Amino acid sequence: MDSLKPYAFKEDFTMQDLVDDLEDTDGIPKSAKLYKSARDYYADARSTAFAFFFIGFLGLAATISDMVGIINFPLPGLALYTMTIIFAVFVLIGVYSMRRAKKYFVNIQEEDALANSIKKWYYTAEMHSDEKENHSFSQKYERIRVLLKNQFPNVDEAFLDKLAADFSGISGKDKGGN
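Residues numbered from 1 in each chain as written. Predicted model: local features only at pLDDT ≥ 70, side-chain atom pairs only at ≥ 80, totals over all residues. Heavy atoms only, no water.

In this section: the confidence of the model for the protein chain. Summary statistics for the protein chain give a mean pLDDT of 78 and a share of 70% for residues scoring 70 or more. Mean pLDDT in the protein chain bottoms out at helix 2 (residues 30–33), which sits at 56, and peaks at helix 3 (residues 38–68), which reaches 93. Within the model, the stretch residues 170–178 combines pLDDT values under 50 with 17 contacts to residues more than four positions away or in other chains. (pLDDT = per-residue confidence, 0-100. Helix = DSSP H or I, 4+ residues; strand = E, 2+ residues; numbered from the N terminus. Contact = heavy atoms within 4.5 Å.)

As structure tokens, then:
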């Protein structure tokens, strides 16, 4: 939590301090960080669906309980019915998000198959043979990124950047797997 340290005096603060605090220092190029995998999209859609289901069903249960007289909320006439409609819409958004999650689930398998085929090509073509040399991460990354883009021109560039970053940081321990 050193990056969140307060500055004692205003004159101690510089713009470079702010940039240094906000930048990641892991060395991974920003283009590789931009890629969002199908697995990430699936997790986002699924958690959105569950959140909307939870809020929607909880709200529907509360408003219906008020309508039948189990609970008494101090709401004027139409407010209760409006709230019921809003919570029903939340449930519908949850259904929509769950359908989206199912579509992303199919994409996970396709993406994993593509990643595995690229990794297999990379390791069987002995493209990683000079990884043992003392090159910097950025030099390895750039060399691997160009190789992947030349070999797989129809694949999403951000996906290839992510794989290039992965290949630049590994030393053969991840051969062929995901």
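Another point: the side chain of T84. Within the element layout of this structure, T84 appears in helix 4 (residues 77–124). At 2.8 Å, the side chain of T84 and the backbone oxygen of L80 are in polar contact. (Polar contact = N/O pair within 3.5 Å; in protein donor to acceptor, adjacent residues only side chain to side chain.)

When a protein is soluble and globular, its nonpolar side chains tend to lie buried together. By size, the foremost hydrophobic cluster in this structure holds 17 residues, and its most contacted members are I118, L148, F152, F159 and F167. If you look at the next biggest cluster of nonpolar residues, it comprises eight residues, including A45, F87, V91 and M98. (Core = buried A, V, L, I, M, F, W, Y, C linked by side-chain atoms within 4.5 Å. Buried < 20%, exposed > 50% of the residue type's maximum accessible area, 1.4 Å probe, protein only.)

Now for the pattern of salt bridges. One pass over the structure, following the stated rule, counts six salt bridges. D112 serves as the salt-bridge partner of R39, at 2.6 Å between the closest nitrogen and oxygen. A residue pair is termed long-range when its members are at least 10 positions apart, and R39 in helix 3 and D112 in helix 4 qualify at 73 residues. (Salt bridge = Lys/Arg side-chain N within 4 Å of Asp/Glu carboxyl O.)

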